[in-house]
Amino acid sequence: MHIASKYIQAIKNGEVVAFPTETVYGLGADAWNSEAIAKVFATKGRPSDNPLIVHISDFDQVNDFASEITEAAQLLIEEFWPGPLTLVFKKKSEVLDIVTSGLTTVAIRMPSNEIALGFISKTCPLVAPSANKSGAPSPTKASHIKADFGSSVLVIDGGSTQVGLESTVLDISGDQPMILRPGVIGKDQLEKVLNQRVLIDDKSSEKPKSPGQKYSHYKPKADVKWLGSEDEFEDTSSLFLLLNTEIKQQNIINYSQDFEKLARELYDRFRQADIDGYQKVIIEPFDERYSSSVIPALLNRIKKATSI
Ligand code: TXA
Ligand code: MG
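Q: Would you explain the packing of aromatic side chains in this entry?
A: Describing an aromatic ring pair means giving the distance of the ring centres and the angle of the ring planes. What the rule picks out here adds up to seven aromatic pairs. Between Trp81 and Phe89, the aromatic rings sit 6.5 Å apart at their centres with planes inclined by 65°, giving edge-to-face as the arrangement. There is no split in this pair, since Trp81 and Phe89 are both buried. Within the aromatic cluster, the residues linked to one another by ring pairs are Trp226, Phe259, Phe286 and Tyr290.

Shown next, in the form of structure tokens:
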């Protein structure tokens, strides 16, 4: 994969560069350069107690950050990397505190996007939070980054991202594996590979284990709500995202149970709703008859968008 030298040079100079991954775009900086990482926090307006994910392109690089690769970790790496699974390991003492917000663990993933892999392999392991202003929906297109930051941030344009929701974050640093953030790789898939029960962090708990989960996220300016009997499709100030019902109308998008498509498009719909001046985004609840590993991840993001 050819990556223009100005992007590679920018990382080497301690600058930040946005790049595509298969989930969402990341705002990348050298994982060993604390000044560059400070720019990531400043650019995003990100609270300093929210740690970053280290992105690698080579399996050996995990050993530079993680102090211990357990058997479970090995199984997960073999099955799901490169791909949308972030693993939380016990960290090596050399890992910069600004990466982990002073935690004793470090989050690592190997993205599968070819541009991401090429970029990391030509530079170095990169920290990369989603390349949005803190609180805004994650970017799934280069234009979303321009909307948040103007032209002040360099962006490698790789088109629309394939998955559309952030990676599954799985903590394997303790006795029992625990999902801290649901993503397209679901609990069942993880349990099958581990042959072990996987817990899910209770988001309602006072102290979420994944610090990022306590911040408002994923939200457009329009109010996001679930479809209820009081809602009228004739209300043209609302954008409707329908999962089961099918109605052809300008303010209605039909997904016909294509949950992967909704995942791919959700953040773009949120952002476009604001551009188009909609007051509300109204989403039809999931019908329990259908199941998909992406539904818990979608529910997590939509709940966050509706609750704030
Ligand atoms: O798909 C993704 O993961 C995207 C792309 C760019 O790779 N990145 C992303 O990064 O979503 P960010 O910073 O927006 O979210 C990282 C999440 C946060 O919820 C953070 O709290 C959690 O991972 N996290 C990072 N390090 C952690 C650690 N050591 N322990 C627990 N949670 C951690
Ligand atoms: Mg984020």
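Still more ground to cover, so stick around.
Q: I'm lost on the packing of helix α4 (residues 71–80) against helix α8 (residues 187–194) in this one. Help?
A: Helix packing for two helices is described by the angle between their axes and how far apart those axes are. Contact pair α4 / α8: the axes reach a minimum separation of 9 Å and the direction vectors enclose 120°. By the angle class used here, α4 and α8 are oblique. Considering only the axes of α4 and α8, their crossing is right-handed. Every residue of α8 that contacts α4 at Ala72, Leu75, Leu76, Glu79 and Phe80 is listed here: Gln189, Leu190, Val193 and Leu194. A breakdown of the residues in the contact of α4 with α8 according to their chemical character gives seven nonpolar, one polar and one charged.

Q: So what exactly am I meant to see when it comes to the pattern of salt bridges here?
A: A pair can form between side chains of opposite charge whenever their charged atoms are brought close. Inspection of the entire model under this criterion finds 11 salt bridges. Glu265 serves as the salt-bridge partner of Arg269, at 3.1 Å between the closest nitrogen and oxygen. With Arg269 and Glu265 both in helix α9 (residues 259–275), this residue pair falls four residues apart, about one helical turn. The partner of Arg289 in a salt bridge is Asp287, with the nearest N and O atoms 2.8 Å apart. Among the residues examined, Asp287 registers a relative accessible area of 21% and is labelled partly exposed.

Q: What am I meant to see in a negative patch on the surface here?
A: Taken together, the side chains of Asp58, Asp60, Asp64 and Glu94 present a region of like negative charge at the surface. Tracing the sequence through the fold places Asp64 in helix α3 (residues 62–65). In this structure Asp64 comes out as partly exposed when scored by relative accessible area, which is 39%.

Q: Any chance you could explain the side chain of Thr100 here in plain terms?
A: When you line up the elements, Thr100 lands in helix α5 (residues 97–100). Overall, Thr100 belongs to the buried group, its relative accessible area being 1%. If we skip the residues at most four places from it in the chain, Thr100 touches Pro51, Lys91, Val95, Thr105 and Val106.

Q: How should I be thinking about the sheet that holds strand β11 (residues 223–226) in this particular structure?
A: In sheet architecture, strand pairing relies on hydrogen bonds along the backbone and comes in two forms, parallel and antiparallel. Reading across from one edge, β11-β14-β12-β13 is the order of the four strands in this open sheet, with parallel pairing throughout. Each end of this open sheet is capped by a strand with a single partner; those strands are β11 and β13 (252–254). Strand-to-strand twist of the sheet, defined as the mean angle between neighbouring strand axes without regard to direction, takes the value 20°. Contacts between α9 and the sheet are confined to β11, β12 (238–242), β13 and β14 (280–283), with β12 contributing the most and set at about 175° to the helix.

Q: Which parts of the structure should I look at to understand the nonpolar core?
A: Buried together is how nonpolar side chains tend to be arranged in soluble globular proteins. Of all hydrophobic cores here, the largest spans 44 residues; its most connected members are Trp81, Phe89 and Ile108. Secondary-structure elements contributing two or more residues to this core are β2 (26–30), α2 (34–44), α3, α4, β4 (85–90), β5 (105–109), α7 (142–149) and α8.

Q: Whenever I open this one, the domain arrangement of the protein confuses me. Can you help?
A: Where interface size is quoted, it is often the accessible area lost as the parts come together. What the domain assignment reports for the protein is domain 1 (5–200) and domain 2 (223–305). A C-alpha centroid distance of 27 Å is found between domain 1 and domain 2. Between domain 1 and domain 2, the buried area comes to about 1300 Å², and carbon and sulfur atoms account for 55% of it. Considering only the surface of domain 1 that becomes buried against domain 2, Pro137, Leu165 and Pro182 emerge as the three largest contributors, covering 40% of it. Summed over the shared surface of domain 1 and domain 2, the number is three salt bridges. Inspection of the domain 1/domain 2 interface yields 10 residue pairs in polar contact (both at pLDDT 80 or more). The biggest single contributor to the side of domain 1 that touches domain 2 is α7, with three residues. Tallied by class, residues from the side of domain 1 that touches domain 2 come to eight nonpolar, 11 polar and four charged.

Q: Please clarify how the pairing of β14 should be interpreted in this entry.
A: Regular strands show a simple pattern: their side chains alternate between the two faces of the sheet. Summarising the sheet, β11 and β14 pair through four bridges and their orientation is parallel. Counterpart to Asp223 in the pairing with β14 is Lys280. Sheet analysis places β12 next to β14, joined by four bridges and oriented parallel. Bridge pairing in β14 links Leu241 to Ile283.

Q: Before we go on, may I ask you to explain helix α10 (residues 295–307) in this structure?
A: Each α-helix turn comprises 3.6 residues. Residues three or four places apart therefore point the same way. An ideal rise of 1.5 Å per residue puts 18 Å on 13 residues; α10 measures up with 18 Å between its terminal C-alpha atoms. Those residues of α10 that fall on the buried side of the exposure criterion are Ile295, Ala297, Leu298, Asn300, Arg301, Ile302, Lys304 and Ala305. On its buried side, α10 packs onto β9 (178–181), β11, α9 and β14.

Q: Before we go on, may I ask you to explain the sheet that holds strand β7 (residues 154–155) in this structure?
A: If you trace the 10 strands from one edge of the open sheet to the other, you get β7-β1-β2-β6-β3-β5-β4-β8-β9-β10, paired in mixed fashion. Each of the sheet's edge strands pairs with one partner strand only, and the pair in question is β7 and β10 (199–200).

Rules and cut-offs
Residues numbered from 1 in each chain as written. Chains lettered and ligands numbered in written order. Predicted model: local features only at pLDDT ≥ 70, side-chain atom pairs only at ≥ 80, totals over all residues. Heavy atoms only, no water. Phe/Tyr/Trp six-rings, centres within 6.5 Å; stacked < 30°, edge-to-face > 60°. Buried < 20%, exposed > 50% of the residue type's maximum accessible area, 1.4 Å probe, protein only. Axes fitted to C-alpha atoms, helices over the stretch in contact; angles between N-to-C directions. Helix = DSSP H or I, 4+ residues; strand = E, 2+ residues; numbered from the N terminus. Parallel < 35°, antiparallel > 145°, perpendicular 65-115°, else oblique. Left-handed = near helix turned anticlockwise from the far one by under 90°. Contact = heavy atoms within 4.5 Å. Nonpolar A, V, L, I, M, F, W, Y, C, P; charged D, E, K, R; others polar. Salt bridge = Lys/Arg side-chain N within 4 Å of Asp/Glu carboxyl O. Patch = residues over 30% accessible without salt bridge, like charges linked within 9 Å, V, L, I, M, F, W, Y side chains within 5 Å. Areas by Shrake-Rupley, 256 points an atom, 1.4 Å probe, with all protein chains shown as cover. Lys, Arg positive; Asp, Glu negative; His and termini not counted. Charge placed at Lys NZ, Arg CZ, Asp CG, Glu CD. Pairing = 2+ DSSP bridges. Core = buried A, V, L, I, M, F, W, Y, C linked by side-chain atoms within 4.5 Å. Domains from an automatic or database assignment. Buried area = accessible area lost by both parts, 1.4 Å probe. Polar contact = N/O pair within 3.5 Å; in protein donor to acceptor, adjacent residues only side chain to side chain. Expected span 1.5 Å × (residues − 1).

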